[in-house]
Amino acid sequence: MIEPSNKIEEVIVIGGGPAGLAACVYLARANLKPLLFAGSPPGGQLMLTSEVENYPGFDHILGPELVAKLRKHAQTFGTRIVDQNILKVFFSTSHHEVGTIDKTYAAKTILITTGAKALWLNLQSEQRLRGKGVSACATCDGFFFKNKVVAVIGGGDTAMEEALTLTKFAAKVYLIHRRDQFRASKIMQKRVLENPKIKVMWNTVVEEVLGENKIEGLKLATEKPETENRILKIDGLFLAIGHKPDTDLFKSAIELDGKGYIVTSDRYALEFAKSVSKETEVKLLIPKEKVTMYKDRFDLNWVSATSVKGVFAAGDCVDYQFRQAGTAVGMGIAAALEIERWLEIHNQ
Ligand SMILES: Cc1cc2nc3c(=O)[nH]c(=O)nc-3n(C[C@H](O)[C@H](O)[C@H](O)COP(=O)(O)OP(=O)(O)OC[C@H]3O[C@@H](n4cnc5c(N)ncnc54)[C@H](O)[C@@H]3O)c2cc1C
């Protein structure tokens, strides 16, 4: 049976990755006694990586170690952490409720920091070599492949960006795509096709990632039956076949964009500006008719507000673009400062 709670918290944070933990440092120091549902397993995407070399203040730290430090920091100032998933939410104008498997909690404000997941091919060999040459983030791991040969899998804008980023480090970049044309914008395709370091392999799929303790190559198959399977020797593989924000839970509660990312006020304002722009190459993430429809739903006084008053969002569940621990932390802090101000105004 689900047990209701009589207490109304000042703030409940859903998601215990860098964004949620950083927000809790600020919320706890502001004496708001945040209650953080960190998820199961907690810690977020950094738990899946080993070396992190681009988090300011640490020239080298292991992903799980960084999470442990953030978690301890949040707890030092009084954050209460529950390593459970929130399974249901009810957002209203007066207060909000969230439920775990066995209990319901109420709060004046909610911060959603449920993050995202990179999509993988789900080959057993790929999963085994994750962090051992197989990555889903060129900005994070490209530096480790100086003068090496790498491959990127994908055909959208992200794959183009990953391939171009890798040309700054690697000697050669293979861009493997299963179709005979890219889905990416024309401008990104042009940059890729004109880059002498990138070789595109059309109509090609990866059947196996080769290597015992580190990646050594790929077993490839082409769509054309007359071509035999072949081996491509590489030192690194980057998956760029998409990300899925962890936002299914909020589908009918707040506005999400076409890919499931949470729309916050600042993102809405940008989409609105793009929708009235005369530029031809702007890409809208919210359908044009919805941009106009949403007009009264976003309070532009708050950067990280969602379409429901008192519900805020930060980190990779909002950020379709940068997806870095540092940016998630920054967004979490901004949201925490806004929640503090929001409560000051509404508690009067
Ligand atoms: C393999 C890999 C390597 C990376 N390397 C780097 C790097 O070197 N440098 C860098 O800056 N960035 C790196 N990143 C990116 C970085 O990890 C993310 O940008 C960052 O973790 C995003 O933080 P977040 O808090 O927004 O979300 P996440 O880290 O995704 O955390 C979200 C948390 O919310 C929880 N959650 C989800 N749903 C619920 C729910 N219903 N109830 C409760 N909790 C829930 C999840 O379990 C998770 O713990 C890497 C990512 C990956 C995948």
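Please read all numbers here as calculations on a predicted model, not as lab measurements.

**Q** What is the right way to read the overall build of the protein chain from this model?
**A** When you go through the protein chain residue by residue, the secondary structure sums to nine helices and 19 strands. The C-alpha radius of gyration computed for the protein chain amounts to 22 Å, which stays within 12% of the reference 20 Å derived for 348 residues, consistent with globular compactness. Its C-alpha atoms give the protein chain principal-axis dimensions of about 70 × 50 × 40 Å. Relative to its full complement of 348 residues, the protein chain shows a buried share of 42%. Taking contacts inside the protein chain between residues at least 6 apart in sequence as the whole, the part at least 24 apart equals 65%.

**Q** How do you make sense of the site of the ligand when you look at a structure like this?
**A** Every one of the 38 residues lining the ligand counts as a neighbour, but Gly-17, Gly-39, Gly-44, Gly-115 and Gly-315 are closest to it. Mapped by element, the contributors of at least two residues to the shell around the ligand are helix 1 (18-29), strand 9 (116-118) and helix 9 (325-346). A class-by-class count of the residues in the shell around the ligand yields 18 nonpolar, 17 polar and three charged. When residues are assigned to domains, the shell around the ligand turns out to be shared by domain 1 (8-118 + 245-346) and domain 2 (124-239), each giving three or more.

**Q** What's the story with the domain arrangement of the protein chain in this structure? I'm lost.
**A** How big an interface is tends to be reported as the loss of accessible area on association of its parts. In terms of domains, the protein chain is made up of domain 1 (8-118 + 245-346) and domain 2 (124-239). Just the C-alpha atoms count here: the centres of domain 1 and domain 2 sit 31 Å apart. With nine residues of domain 1 at the interface, the matching set in domain 2 holds nine residues. Class assignment of the residues belonging to the side of domain 1 that touches domain 2 gives a composition of two nonpolar, four polar and three charged.

Thresholds, definitions, all that
- Residues numbered from 1 in each chain as written.
- Predicted model: local features only at pLDDT ≥ 70, side-chain atom pairs only at ≥ 80, totals over all residues.
- Helix = DSSP H or I, 4+ residues; strand = E, 2+ residues; numbered from the N terminus.
- Rg over C-alpha atoms; globule rule 2.2 N^0.38 Å.
- Buried ≥ 20, exposed ≤ 12 C-beta atoms within 10 Å, placed from the backbone.
- Contact = placed C-beta atoms within 7 Å.
- Near = placed C-beta within 6 Å.
- Nonpolar A, V, L, I, M, F, W, Y, C, P; charged D, E, K, R; others polar.
- Domains from an automatic or database assignment.

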